[in-house]
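Observations on the model geometry
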Amino acid sequence: MQRLLLLIALVAVAAFAYLHWFAPPAPRYRLDEIERQPVPRAEFFALWRETAYGLCDRGAAGGERLGPADCRRYVDRAHERCAARVGAPATVAGKAESRRWARPYLECVVPAPVCRGVEVRTLDDALRHCAP
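Keep in mind that what you see is a predicted model, and the values were worked out from it rather than measured.

Looking now at the pattern of salt bridges. The final tally for this structure, using the stated rule, is 2 salt bridges. One salt bridge in this structure joins D57 and R72, with 2.9 Å as the shortest N-O distance. Of this pair, D57 sits in helix α2 (residues 41-57) while R72 sits in helix α3 (residues 68-86); the two residues are 15 residues apart in sequence, bridging distant segments of the chain. Take D57: its relative accessible area is 44%, and that puts it in the partly exposed class.

See below:
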């Protein structure tokens, strides 16, 4: 009986130690739960920076000019400047509001695709430089 209690105590201590010191922390905020749990400005832009990284990894950002690692560095360098330029409120509380602030942030932070050596930011630029 004592061995069983000792074993249970050791398992409980090991589980506590793992969860407390080694397990990755659960994300505190999520964009898909923004209606239930408003997100502070800094966390909001950090979450959207992760979205920008995803665009880099899929090759949707930077076009022929940047690989995923360079694109991520570009995002990191532009993050603070772009978040300050957008100037969202202290707390973002809804999906519509999230899209309102995320769109200009992503346009600023994600490198534009390049066609024939020219950054393409508008449809006119694309038609002018990317069309065959």
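Per the counting criterion, the structure on display carries 3 aromatic pairs. With a centroid separation of 6.5 Å and an interplanar angle of 65 degrees, the aromatic rings of F44 and W48 are classed as edge-to-face. Taken together, the residues F44 and W48, both in helix α2 and 4 residues apart, mark about one turn of the helix. Each member of the pair, F44 together with W48, is buried. Arranged with centres 5.0 Å apart and planes meeting at 45 degrees, the rings of F45 and Y105 form a pair that is tilted. On the criterion of sequence distance, the pair formed by F45 in helix α2 and Y105 in helix α4 (residues 95-109) is long-range, its members being 60 residues apart. Like Y105, F45 is buried.

With 25 residues, the main nonpolar core has F44, F45, Y105, L106 and V109 as its most contacted residues. Of all elements in the fold, only α2, α3 and α4 reach the threshold of two or more residues within this core. Looking at this core element by element, the count peaks at 7 residues for α2.

Quick notes on the rules
- Residues numbered from 1 in each chain as written.
- Predicted model: local features only at pLDDT ≥ 70, side-chain atom pairs only at ≥ 80, totals over all residues.
- Heavy atoms only, no water.
- Salt bridge = Lys/Arg side-chain N within 4 Å of Asp/Glu carboxyl O.
- Helix = DSSP H or I, 4+ residues; strand = E, 2+ residues; numbered from the N terminus.
- Buried < 20%, exposed > 50% of the residue type's maximum accessible area, 1.4 Å probe, protein only.
- Phe/Tyr/Trp six-rings, centres within 6.5 Å; stacked < 30°, edge-to-face > 60°.
- Core = buried A, V, L, I, M, F, W, Y, C linked by side-chain atoms within 4.5 Å.

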